[in-house]
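Reading the structure
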Amino acid sequence: MHTILEAISSDEATSDDFASLELPESYRAAFVKKDEVDMFEGLTAKEKDPRKSLHVDEVPLPELGPGEALVAVMASAINYNTVWTSIFEPVSTFGFLERYGRLSDLTKRHDLPYHVVGSDLSGVVLATGPGVTKWKAGDRVVAHCLSVELESPDGHNDTMLDNEQRIWGFETNFGGLADVAMVKANQLMPKPEHLTWEEAASPGLVNCTAYRQLVSKNGGDMKQGDNVLIWGASGGLGGFATQYALNGGATPVCVVSNEEKAAIARSMGAELIINRSEEGYRFWNDEGTKQDPKEWKRFGAKIRELTGGEDIDIVFEHPGRETFGASVYVTRKGGTITTCASTSGYMHEYDNRYLWMNLKRIISSHFANYRESWEANRLIAKGKIHPTLSKTYTLDQVGQAALDVHQNAHQGKVGVLCLAPEEGLGVRDPEMRAEHETAINRFRGV
């Protein structure tokens with residue numbers, strides 16, 4: 001790996017130089033173990049500690065197949081799917097790997113007693129498999145996390161509808177929290193060269209998810225003038241949703257949990273802020289068994305106070321159970337609730353009268369197709385949308401990084417250095433970086 005890192009650090013190494021590098025037989029990776037899936041039995045979700053289940057050690061390098069690429073990972077990032085994998089909720093991800101392994105001889109490689117996690121990366125292509133023509137060794141890349149087979153007709157209008165659609169590093173093996181990752185070559189996109197390795201790695205999953213959920217015709221199809229309610233507006237998903245709303249001429253109504261997060265939303269240009277801690281909304285009773293419609297109405301009144309009497313056109317929903325009833329209630333007649341993730345619980349409850357009789361729509365949204373991902377990454381590369389990176393750990397500290405996200409003790413995205421020896425490396429367009437430095441560092445408080 002030392003020789004590989006030397007080549008990446010050199011400005012003179014050619015594609016032929018990278019192609020001639022000897023690949024290691026093993027590499028360092030963060031993974032969970034199949035024989036430990038019951039280790040947290042009897043504990044609540046919040047009591048489960050990713051530091052105990054995420055291991056960092058050497059694993060064998062997988063054999064490269066057709067249409068695939070091996071990437072030297074300079075940096076990655078933490079997403080909620082890594083937290084879910086690490087606490088084995090709502091199900092163990094080894095079931096995903098077993099089902100994928102039954103698909104073909106090639107996919108059997110993924111069904112292992114360990115699962116290398118991570119759905120983001122920035123790095124350099126080391127090798128490509130048969131049939132890959134767009135990418136070559138030495139290319140500086142980021143990766144989106146959509147893995148598809150496209151052997152059935154279902155996915156050819158929207159690849160997210162492919163019968164074999166999976167999220168790389170969550171429903172497949174060989175993820176990005178490692179020194180080397182294996183991806184399908186059609187997951188690769190150009191690295192934005194005004195960003196460091198850790199900054200470039202951090203948008204991937206959440207940026208593409210926010211783009212589809214809010215901007216794409218497959219999601220909210222946001223237009224100028226829309227009032228957009230954004231839950232967790234300074235978080236990983238919400239930080240990008242807020243930027244897209246502002247860039248697209250919409251008006252974000254940003255819900256945050258404290259004044260520090262409110263300040264971040266304001267720094268992005270948002271003016272309409274609801275601080276949940278100050279307002280003290282209690283959508284559920286103490287037992288979590290019944291919702292209080294009076295609190296929905298109080299929440300809706302606050303929104304109208306901020307918007308000058310207007311209701312919400314689009315709700316950017318991802319907390320799920322805790323907020324969904326309120327989201328349906330406050331949406332205008334004919335409006336849209338777009339939903340993904342459900343980080344506070346998957347069993348949503350809402351009063352269907354407010355949906356049905358007011359012709360509101362609930363649209364499910366899950367990651368993004370390749371075109372949507374490319375468009376979202378293009379906006380990062382053009383400096384129209386900026387990373388939301390707040391803190392970076394080393395790969396050896398991946399358990400703590402995941403715990404931060406699990407406990408919501410973070411802003412924006414939490415990055416992880418893999419092969420990169422320190423922060424701040426990888427920039428090749430310093431002039432563009434200087435132009436956007438303040439926005440790039442917004443979530444780090446620099």
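Overview of the overall build of the protein
The number of helices and strands found in the protein is 16 helices and 18 strands. Radius of gyration (C-alpha) of the protein: 22 Å, near the 22 Å computed for a compact globule of 446 residues. Seen through its principal axes, the protein has C-alpha atoms that stretch 65 × 50 × 40 Å. For the protein, the proportion of its 446 residues judged to be buried stands at 58%.

A short note on the sheet that holds strand 16 (residues 361–364)
Spatial strand order, 13-12-11-14-15-16: six strands in an open sheet with parallel pairing. Only two strands of the sheet have a single neighbouring strand rather than two, namely strand 13 (272–275) and strand 16. Strand-to-strand, the axes of this sheet are offset by a mean angle of 20°, without reference to chain direction. Relative to strand 16, strand 15 (residues 331–339) is paired through four bridges, and the arrangement is parallel. Directly across from isoleucine 337, in strand 16, lies its bridge partner isoleucine 362. Contacts between helix 7 (residues 204–215) and the sheet are confined to strand 11 (227–231), strand 14 (312–317) and strand 15, with strand 14 contributing the most and set at about 155° to the helix.

Points about the side chain of threonine 336
Positionally, threonine 336 belongs in strand 15. With a relative accessible area of 4%, threonine 336 lands in the buried category. Here the side chain of threonine 336 touches arginine 361 through a polar contact of 2.8 Å, side chain to side chain. Sequence-distant contacts of threonine 336, that is, excluding residues within four places in its chain, are made with Asp313, Ile314, Val315, Thr331, Arg361 and Ile363.

Considering the nonpolar core
Grouped burial of nonpolar side chains is what soluble globular proteins tend to show. Ile78, Leu121, Leu177, Leu188, Leu214, Tyr244 and Phe367 are the most contacted members of the largest nonpolar core, which totals 78 residues. Of all the elements, helix 7 adds the most residues to this core, at six residues. Those residues in contact with isoleucine 78 that sit more than four places away from it in its chain are Val83, Leu177, Val398, Ala401, Ala402, Val405, Lys413, Val414 and Val416. Leu21, Val59, Leu70 and Ala72 belong to the second-largest nonpolar core, a separate cluster that totals 28 residues.

A closer look at the side chain of serine 234
Among the structural elements, serine 234 can be located in the loop between strand 11 and helix 8 (236–247). According to the relative accessible area criterion, serine 234 is buried, its value standing at 2%. Ignoring sequence-local partners within four residues, the contact set of serine 234 consists of Gly239, Val256, Lys261, Ile264, Gln411, Gly412 and Phe443.

A word on helix 15 (residues 398–406)
Counting buried residues in helix 15 gives eight out of nine residues, a clear majority hidden from the surface. Among the residues of helix 15, those classed as buried are Val398, Gly399, Ala401, Ala402, Leu403, Asp404, Val405 and His406. Following helix 15 by one or two positions, asparagine 408 adopts a phi angle in the positive range, close to 55°.

Conventions we followed
- Residue indices follow the written sequence of each chain, beginning from 1 at its first position.
- Since the coordinates come from a predicted model, pLDDT governs what is reported: local features require at least 70, and pairs of side-chain atoms require 80 or more to be given and counted, while whole-chain, interface and lining totals use all residues.
- Hydrogen atoms and water are omitted, and side-chain values are computed over all heavy atoms in the structure.
- By the criteria applied, helices consist of DSSP H or I runs no shorter than four residues and strands consist of E runs no shorter than two, each listed in order from the N terminus.
- Only C-alpha atoms enter the radius of gyration; for comparison, a globular chain is expected to reach 2.2 Å times N to the power 0.38, where N is the number of residues.
- The buried label goes to any residue with under 20% of its type's maximum accessible area, the exposed label to any with over 50%, and the partly exposed label to all in between, with areas taken from a 1.4 Å probe on protein chains only.
- Strands are treated as partners if at least two bridges between them are detected by DSSP.
- Axis geometry follows a simple rule: fit a line to the C-alpha atoms, using only the stretch in contact for helices, then measure angles between N-to-C directions, giving values from 0 to 180 degrees.
- Residues are treated as being in contact if the distance between any of their heavy atoms lies within 4.5 Å.
- Whenever a nitrogen or oxygen atom comes within 3.5 Å of another N or O atom, the pair is scored as a polar contact, on the condition that within protein one atom can donate a hydrogen and the other can accept it, and that pairs from neighbouring residues in sequence are kept only if both atoms are in side chains.
- Residues enter a nonpolar core if they are buried and are Ala, Val, Leu, Ile, Met, Phe, Trp, Tyr or Cys, with the set joined through side-chain atoms within 4.5 Å.

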